[in-house]
Amino acid sequence: MITKSYAKDVKAFKVESETSKFKQNTLIFFIISINFILDRLSKLLIIDFFSSDQNEYYVNSYLNFILIWNKGIAFGLFGSEDLIYHFTSFLIFLILLLIIFMIIKSNKLFEKVCLSILLGGALGNFFDRIYYQAVPDFIDFHYNNFHWFVFNVSDISITFGIILLIFYEITKKQEKNE
């Protein structure tokens, strides 16, 4: 027989669980939004700055800002036109849906945070693919004549989210082995 005390405890647990879930969802939405907004603001500033005849801005001996319109995927790889571009955009859209699904299904807050950082960046680049038909990249790290791929704030979020996920998976596997 279920006692009234037990029923109250279950109801209290459900309320606490729902409150916790609301806080987690608020955090996840905040992380995604902050990453997306920071990316949008940085790109709008750079596009506005380079709308003049300026084509490169020297910051120091390791960093330049230069606006490049990327029609490819990460770091400008596989630049393409028309049909391939649209197919690639569609695949990216499906990957975004998969990441959203993974965030919803995950029971681990840290994993959700990692995926949210990644998603915020990916949404920023996807928005540009739809709005501009290309992604504005502008951060140029270099040493002497060696230049890394030109990238943007979204790429930083995506990379950081992936690195955190890799470390999370490695530590999770180590804990299982112990």
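Rules of the game
Residues numbered from 1 in each chain as written. Predicted model: local features only at pLDDT ≥ 70, side-chain atom pairs only at ≥ 80, totals over all residues. Heavy atoms only, no water. Helix = DSSP H or I, 4+ residues; strand = E, 2+ residues; numbered from the N terminus. Expected span 1.5 Å × (residues − 1). Polar contact = N/O pair within 3.5 Å; in protein donor to acceptor, adjacent residues only side chain to side chain. Buried < 20%, exposed > 50% of the residue type's maximum accessible area, 1.4 Å probe, protein only. Contact = heavy atoms within 4.5 Å. Phe/Tyr/Trp six-rings, centres within 6.5 Å; stacked < 30°, edge-to-face > 60°. Patch = residues over 30% accessible without salt bridge, like charges linked within 9 Å, V, L, I, M, F, W, Y side chains within 5 Å. Areas by Shrake-Rupley, 256 points an atom, 1.4 Å probe, with all protein chains shown as cover. Salt bridge = Lys/Arg side-chain N within 4 Å of Asp/Glu carboxyl O. Axes fitted to C-alpha atoms, helices over the stretch in contact; angles between N-to-C directions. Parallel < 35°, antiparallel > 145°, perpendicular 65-115°, else oblique. Left-handed = near helix turned anticlockwise from the far one by under 90°. Pairing = 2+ DSSP bridges. 1 Å grid on protein atoms, 1.4 Å probe; cavity = no way out; pocket = protein on both sides within 12 Å on 5 of 7 lines; lining within 4 Å. Points joined across faces, edges and corners; volume = space filled by probe spheres on them. Nonpolar A, V, L, I, M, F, W, Y, C, P; charged D, E, K, R; others polar.

Asks: Whenever I open this one, helix H4 (residues 153–177) confuses me. Can you help?
Replies: End to end, H4 covers 36 Å across 25 residues, agreeing with the expected 36 Å (1.5 Å per residue, within 8%). For H4, the N-terminal capping position is held by asparagine 152, with its side-chain oxygen 2.9 Å away from the main-chain nitrogen of serine 154.

Asks: I keep staring at the side chain of serine 116 and nothing clicks. Help me out?
Replies: Inspection of the secondary structure puts serine 116 in helix H3 (residues 109–131). Taking relative accessible area as the criterion, serine 116 reaches 0% and is therefore assigned buried. Apart from residues no more than four positions distant in its own chain, serine 116 is found in contact with Ile28, Ile31, Ile32 and Ile103.

Asks: Explain unusual backbone geometry here, please?
Replies: What is expected of a backbone is that most residues other than glycine have negative phi and most peptide bonds are trans. Even without glycine at this site, glutamine 133 takes up a positive phi of about 65°. Its location among the elements puts glutamine 133 in the loop between H3 and strand S3 (135–143). The phi torsion at asparagine 144 lies on the positive side, around 55°, for a residue other than glycine.

Asks: Would you explain the packing of aromatic side chains in this entry?
Replies: To describe a pair of aromatic rings, one takes the distance between the centres and the angle between the planes. Going through the model one piece at a time under the given rule, you end up with 12 aromatic pairs. Here tryptophan 148 and phenylalanine 149 contribute two aromatic rings whose centre-to-centre distance is 5.3 Å and whose plane-to-plane angle is 75°, an arrangement assigned as edge-to-face. For tryptophan 148, a relative accessible area of 43% puts it in the partly exposed group. Joined through ring pairs, the aromatic side chains of Phe36, Trp69, Phe127, Tyr131 and Tyr132 make up one cluster.

Asks: Hey, could you run me through a nonpolar patch on the surface in this one?
Replies: The grouping of Phe87, Phe90, Leu91, Phe93, Leu94, Leu97, Ile100 and Ile104 at the surface amounts to a nonpolar patch, some 740 Å² of accessible area in total. With respect to the secondary-structure elements, leucine 91 resides in helix H2 (residues 82–105).

Asks: Just to check I follow, could you spell out the packing of H3 against H4 for this structure?
Replies: For any two helices packed against each other, the geometry is given by the interaxial angle and the distance between the axes. Contact pair H3 / H4: the axes reach a minimum separation of 7 Å and the direction vectors enclose 155°. When the interaxial angle is binned, H3 and H4 end up roughly antiparallel. Judged by the twist between their axes, the crossing of H3 over H4 is left-handed. In this structure, H3 contributes Phe110, Glu111, Cys114, Leu115, Ile117, Leu118, Gly121, Ala122, Gly124 and Asn125 to the contact, and H4 contributes Ser154, Asp155, Ser157, Ile158, Phe160, Gly161, Ile162, Leu164, Leu165, Tyr168 and Glu169.

Asks: Please explain the pairing of strand S2 (residues 63–70) as it appears in this structure.
Replies: Along a regular strand, successive side chains alternate from one face of the sheet to the other. Looking at chain direction, strand S1 (residues 57–60) and S2 are connected through 3 bridges and run antiparallel. In the sheet register, tyrosine 58 faces S2, and the bridge partner there is asparagine 64. In this antiparallel pair of consecutive strands, S1 and S2, the connection spans 2 residues. Across 6 bridges, the pairing between S2 and S3 is antiparallel. Paired with phenylalanine 65 across the two strands is isoleucine 139, which belongs to S3.

Asks: Honestly, the pattern of salt bridges in this entry has me stumped. Any pointers?
Replies: For the coordinates displayed, the defined rule picks out 4 salt bridges. In this structure, the salt-bridge partner of lysine 43 is aspartate 128, at a minimum N-O distance of 2.2 Å. In this pair, lysine 43 sits in helix H1 (residues 4–49) while aspartate 128 sits in helix H3, placing the two residues 85 residues apart along the sequence. Using a relative accessible area of 0% as the deciding quantity, one classes aspartate 128 as buried.

Asks: Can you walk me through the layout of surface pockets in this structure?
Replies: To locate leftover empty space, one rolls a probe as large as a water molecule over the atoms. Its volume calculated, the second largest pocket comes out at about 150 Å³. Contributing to the lining of the second largest pocket are Ser17, Ser20, Lys21, Gln24, Ile104, Ser106, Asn107 and Lys112. When residues of the lining of the second largest pocket are assigned to their parent elements, the largest contribution, 4 residues, is made by H1. Split into classes, the residues belonging to the lining of the second largest pocket amount to 1 nonpolar, 5 polar and 2 charged.

None of the figures reported here should be taken as evidence of function without further support.
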